Structures are given as structure tokens and as C-alpha cells.
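Topology and contacts: notes
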Amino acid sequence: MSHKRLLVTGSAGLIGSEAVHHFSRLGWQAIGIDNNMRADFFGADGDTRWNLERLQRRWPAYRHFDLDIRQRDSVLDFLATHPVDLIVHAAAQPSHDLAAKRPFDDFDVNAAGTLNFLEATRRSCPEATFCYLSTNKVYGDAPNELPLVELATRWDYARAEDRFGIGESMRIDQSKHSLFGASKLAADVMVQEYGRYFGMKTVCLRGGCLTGSAHSGAELHGFLAYLARCVVEGRSYRVFGYLGKQVRDNIDASDVCSFIEAFHAAPRVGEVYNIGGGRDNSISMLEAIARIESIAERKLDWTYVDEARSGDHICYISDLRKIQAHYPSWRVTVDLDQILTSIVRMLTDERNDR
């Protein structure tokens, strides 16, 4: 019996490593690409070698390749010699703050790197499903135009029709994205185009806060994981703008991967979905601090910076109605308390092992 074959880019990162775990458990042959550029971007906090070692211990058949996705010829050659059935493209420069400091690296990784894999897929395995981990930053700051109401601990949508959150019809231009959002949007549109123009089975997953215990959170990226690390390790933390009442919905990496499985089983062409935890898994900065302090039984040393990050969302909740209409068997299964508890537990164990 021949095994299905999976290629994951960014395979030592949060979503990438979870995809290796998820599909390996299903009996797939998994290969991964990751050159630990996250350590270059974020320093020691971003280093993913610990996660790669964990993957290799858990799945001895997993094959790992240290490949730079910016190297076009290498990518083309790689897929020519490693044809696969499913590609989960999770490799990225993920910080909108860092993109402004390193714009060439950001665009070359996010936009050009994605194009390299799309074209390599079209040439070598055009029947494969291509799943791109996009971002809600493709909408820029347009979501901030929705009327909001200020509550005691969070901002929320003022109108009843906005209660479910941001849908896929939100405009993607004429707004401030950050350079990161612009490079991810360039890739997002290209993924759609390879689907629509060439008939390939492509999907863009416009994620909100994707999280989990395998997240190598840093100050510039990985909201919940980095916040939890600061609480557990006694680090100081900075809250940027909006009175600490900015809201994000959070989804565990395992739920993202279960959707990828569902999409591959019944793929569509050039599709786009917002994916996140939805309203039930939404939390503000102030609420997250209080919740993690309670779980960790430690207080956080934090300060407030009045200036918000440029282009940042005030309130972002993913509207899941389209994704659930197309794939009604899929749902969010890991609630916010489970997510936070698992992150705190892993960080606490890591601290105690030192």
C-alpha cells in the first residue's frame, strides 16, 4: 500500500510541526523544510531547533531538509525529486514590526518564496493540494473602520450584524497593512491565481492568532505564547495601545490541521477562508493577562505604551460561517482555557527542567 505524501514548509514552526504530527498519525509520509530562519528573525526566543528535535524523536520516518525557500532553483529541483500529494506552506517571516526593519527579507520569504513553491508545484505535482497559511493582515486596518463599543475589559463590535466578526468579503486594499501584511497579501493573491488560472487545488487560510504549546513566541510575534512566557519566567511585558482592550480570536494549531485534512479530502480551486477561534475563543489583552496570571499563579510585570503598533487591529474576530458552511464537519474543538493551560504547563515544565 502506497502512503500519501506530505510536504510542510516551516516544519519546525507552530503550524508546520503540528501538520507533521497530525498527518504522521494518519500514516502519511511527511517531509519538511525549515532552515530555522526564525532564530535569525527573533533571536533565542524564536529558535525552533527544540521543536525539530521533538519531531524527529516522535517520528523517526520524518525526513527534514534545511532548505532556503528563497532559492528558486533549489525549490524547483526539490519538488521535481520529491513529488507530494499535499503541501502545507507555513514558512514565513511572521512579524509586521520586523518587516519594516528588514523589508527585502520579508518580501523574499513571504511573497517570492510562495511563488517559488507554487510554480514548483505546477511543474512537478499539479494535482497536489496547496494549502497556504495566510493572515488576517491581508485586510490591513480596514477592520478598524467597523463601529466599536468600549466595554470594561475589551473593545467589541457595536452593530448586531458584525457580531460574528470579519468575513472574507472585507476589502483587501486601500488600507494600511504593514509591509508584512502587504507581502503576505501578494502571496495570497498569487495562491488564488494559481488556483483560478491553472485550475490547481489551492486555498488561503487567513489566520487570526494561531497558537499552541509548540509556539516559539517572541515579543514581535506570538501574542499568547510570549505573554505566557513573560508570566512564567518573570519577564516584563509591554502592552501597545488601545488601553489593552484590543481583541483577538485564538485557534489551536491542531484545529487548523484538522481543517487542512478536511480541505484535502474535498478540495476546491482558488478558495479563501478566514480561520480562527471565533467569538468563543476571543480575548483582549487585559483579559489574557488576568487569565494567564490565574493559571500560572504568578503576577505579570507589565507596562502600558500609549502608541499602538502601526496598522494593528483594535478588535478582530474571525467570522467562521463560510468555512463551516463549506466543511460542516469541521469545528473548533480546543477552547481558550485549554490553549492557555497547555502553553503555561509546557513553559512551566521547561523552566523547572533547567
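Quick summary incoming for the structure in this document. (Residues numbered from 1 in each chain as written. Predicted model: local features only at pLDDT ≥ 70, side-chain atom pairs only at ≥ 80, totals over all residues. Heavy atoms only, no water.)

Within the chain, the regular secondary structure consists of 12 helices and 15 strands. Relative to the globule expectation of 20 Å for 354 residues, the C-alpha radius of gyration of the chain, 19 Å, shows essentially globular dimensions. With the C-alpha coordinates aligned to their principal axes, the bounding extent of the chain is approximately 55 × 50 × 40 Å. For the chain, the exposed area adds up to about 14900 Å²; of that, 49% sits on carbon and sulfur atoms. Side-chain charges of the chain comprise 42 positive and 48 negative groups, with the mean position of each set lying 2 Å from the other. (Helix = DSSP H or I, 4+ residues; strand = E, 2+ residues; numbered from the N terminus. Rg over C-alpha atoms; globule rule 2.2 N^0.38 Å. Areas by Shrake-Rupley, 256 points an atom, 1.4 Å probe, with all protein chains shown as cover. Lys, Arg positive; Asp, Glu negative; His and termini not counted. Charge placed at Lys NZ, Arg CZ, Asp CG, Glu CD.)

For the rest of this paragraph, the subject is the layout of surface pockets. The computed volume of the largest pocket comes to approximately 300 Å³. Along the wall of the largest pocket there are 15 residues; nearest its centre are G277, G278, R279, D280 and L320. Looking at the lining of the largest pocket residue by residue, the classes come out as 4 nonpolar, 5 polar and 6 charged. (1 Å grid on protein atoms, 1.4 Å probe; cavity = no way out; pocket = protein on both sides within 12 Å on 5 of 7 lines; lining within 4 Å. Points joined across faces, edges and corners; volume = space filled by probe spheres on them. Nonpolar A, V, L, I, M, F, W, Y, C, P; charged D, E, K, R; others polar.)

Mapped onto the fold, S134 is located in strand β5 (residues 129-135). When residues no more than four places from it in sequence are discounted, the contact partners of S134 are K184, D188, C204, L205, R206 and G207. (Contact = heavy atoms within 4.5 Å.)

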